[in-house]
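Residue-level listing of the chains:
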Amino acid sequence: MLLQPETLERVGEVYVNPNNLKVRPLMLEGWRDFLALDEKTYGTYARTIYNPEERFLVTDGKSESKGIELSGLYRSLLTNPEYFCGRENLEYQMKVREFEGLPFANGFVGSRVILVGEAPGRRGCGKTGICFYRDASGMLLRETLFSLGINPDFLYITNVVKCNPPENRLRKIPPGAYELLAMEVEVLKLKAIFAVGRTAEGALKELGYDAIYLRHPAWYVRRGVRRAGGEILAEYAKIREVLGEWRL
C-alpha cells in the first residue's frame, strides 16, 4: 500500500511510476503530455503515480507511520465492507470494479491537505480504485490542479463513502462511513480540509470538522466545462493559498 519516492521517476516536470506503465513514453515535456497518455498504449494508471497496490506516498518515518495506520484502516474496510459502505453501494461497487480490492484513498500522507469527495464515480474511481481519476470530473480536477501549479498526486484525496453507489446516486451515508472518515482524518493531522461538493461538506460538518467548500468538478462538467479555466481555476486557487510550496 505504501509508495516510496525512489520508486518514482521524474520526467520533465512530472513524476511517473514505472510500475504503472506498459511502455515508457518517448517524450513527456510537461503535465499536459502526462494527462494525454493513452491508457490502451501506456496502461490504466499511466496518468497517476498510484495504483491499487500503491496508494499512499510516504517520504520519511513520520509519513510512513501514517501510511501504515491508513493501510490498517483499509484492511478494516476489507474486513467489514458492508458496514462501512452500505450493502447496495458495496454490491454495485463489486459489479463495476476492474481491480482487486475496494476504493479507499490515495495521495501523499504528509501533505496535511485533504480533498474529500462524495463517493467513487462509476467510470473513474469505481473502476480504478483511484480517487478523482479517469472520468470527466476526475480529469478536470487533475488538469485544474496542474494548471495552478499543484501536482494532484501530492495531495491526499478520499471520499466520504468508499464504494460506488448505484448509478452514481448516493441515497444516504452509512454510519460506518462517518466512522471510517473520522478515523482517516485523525490519522492525517491536517492543516486544511477541502469538501468537494455539498455531500462531503455536510458529512464533515456532521463530524464536527471545519472544511473549505469547493464545487464538485461534476458541477462544472454538467455545465459543459471540460477544460480548466476561468471560474474553476479561481475557485480551486484556494488550495494553492493553503498548500504553499512543496516539492518531492
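The notes below deal with the structure included here. Being a predicted model, the structure only gives us computed values, none of them experimental.

Further remarks concern the overall build of the chain. When you go through the chain residue by residue, the secondary structure sums to 11 helices and nine strands. In terms of overall size, the chain behaves like a compact globule, its C-alpha atoms giving a radius of gyration of 17 Å where 248 residues would be expected to give roughly 18 Å. Judged by the C-alpha coordinates and their principal axes, the chain covers about 45 × 35 × 35 Å. Going through the 248 residues of the chain one by one, you find that 56% of them count as buried. Within the chain, counting contacts between residues at least 6 apart in sequence, those at least 24 apart form 71% of the total. Carbon and sulfur atoms form 48% of the exposed surface of the chain, whose accessible area is close to 11,200 Å². Within the chain, the 32 negative side-chain charges are centred at a point lying 4 Å from the centre of the 35 positive side-chain charges.

This paragraph deals with the packing of helix H3 (residues 61-79) against helix H8 (residues 175-188). Running from N to C, H3 and H8 cross one another at 170 degrees; their axes reach a closest spacing of 9 Å. Looking at the two axes, H3 sits roughly antiparallel to H8. Contact with H3, carried on its side by Lys66, Glu69, Leu70, Leu73 and Leu77, involves Leu180, Met183, Glu184, Val187 and Leu188 of H8 and no other residues of that element. Among the residues forming the contact of H3 with H8, the class breakdown is seven nonpolar, no polar and three charged.

Here the focus is the pattern of salt bridges. A complete count under the given rule lists 14 salt bridges for this structure. Here Glu9 makes a salt bridge to Arg24, at a shortest N to O gap of 2.3 Å. With Glu9 in strand S2 (residues 9-11) and Arg24 in the loop between strand S3 (14-16) and helix H1 (31-35), this residue pair connects regions lying 15 residues apart in the sequence. On the accessibility criterion, Glu9 (30% relative accessible area) is partly exposed. Note that Glu143 is salt-bridged to Arg227, the shortest N-O span being 3.0 Å. With Glu143 in helix H7 (residues 136-147) and Arg227 in the loop between helix H10 (217-221) and helix H11 (230-243), the pair connects residues that are 84 residues apart, well separated along the chain. Residue classification places Glu143 among the buried positions, given a relative accessible area of 11%. Sharing partners across several salt bridges, the network here consists of Glu39, Arg47, Glu98, Lys127 and Arg134.

This next bit is on the sheet that holds strand S8 (residues 192-196). An order of S1-S4-S5-S7-S6-S8-S9 is seen for the seven strands of this open sheet, with the pairing classed as mixed. Whereas interior strands pair on both sides, the edge strands pair on one side only; in this sheet they are strand S1 (2-3) and strand S9 (212-214). Pairing geometry for S8 and S9, over three bridges, is parallel. The partner of Ala195 across the bridge, within S9, is Tyr213. Sitting on the sheet, helix H9 (residues 198-206) is in contact with strand S6 (113-117), S8 and S9, with an inclination near 135 degrees to S8. Strands S6, S8 and S9 of the sheet are contacted by H11, whose axis makes an angle of about 145 degrees with S9.

Below, the discussion takes up the state of the cysteines. Here the structure, examined in full by the defined rule, presents zero disulfides. The thiol sulfur of Cys125 is not disulfide-bonded, and the nearest other cysteine sulfur, from Cys131, lies at 4.2 Å.

Taken together, the buried positions of H9 are occupied by Ala200, Ala203 and Leu204. Relative to the axis of H9, the buried residues are bounded by an arc of 95 degrees and lie together on one face. Exposed side of H9, more than 90 degrees from the buried face: Arg198, Lys205 and Glu206 are the residues found there. Contacts made by the buried residues of H9 are with S6, H8 and S8. One or two steps after H9, the chain reaches Gly208, where phi turns positive at roughly 90 degrees.

Take the packing of H7 against H11 next. Axis separation between H7 and H11 bottoms out at 10 Å; the angle between their running directions is 70 degrees. Taken together, H7 and H11 sit at an angle that is classed as roughly perpendicular. Packed against H7, whose contacting residues are Leu140, Leu141, Thr144, Leu145 and Ser147, the element H11 presents Ile232, Leu233, Tyr236 and Ile239 at the interface. In terms of residue class, the contact of H7 with H11 is built from seven nonpolar, two polar and no charged.

Calculation notes
Residues numbered from 1 in each chain as written. Predicted model: local features only at pLDDT ≥ 70, side-chain atom pairs only at ≥ 80, totals over all residues. Heavy atoms only, no water. Helix = DSSP H or I, 4+ residues; strand = E, 2+ residues; numbered from the N terminus. Rg over C-alpha atoms; globule rule 2.2 N^0.38 Å. Buried < 20%, exposed > 50% of the residue type's maximum accessible area, 1.4 Å probe, protein only. Contact = heavy atoms within 4.5 Å. Areas by Shrake-Rupley, 256 points an atom, 1.4 Å probe, with all protein chains shown as cover. Lys, Arg positive; Asp, Glu negative; His and termini not counted. Charge placed at Lys NZ, Arg CZ, Asp CG, Glu CD. Axes fitted to C-alpha atoms, helices over the stretch in contact; angles between N-to-C directions. Parallel < 35°, antiparallel > 145°, perpendicular 65-115°, else oblique. Nonpolar A, V, L, I, M, F, W, Y, C, P; charged D, E, K, R; others polar. Salt bridge = Lys/Arg side-chain N within 4 Å of Asp/Glu carboxyl O. Pairing = 2+ DSSP bridges. Disulfide = S-S within 2.5 Å. Arc of directions from axis to C-beta.

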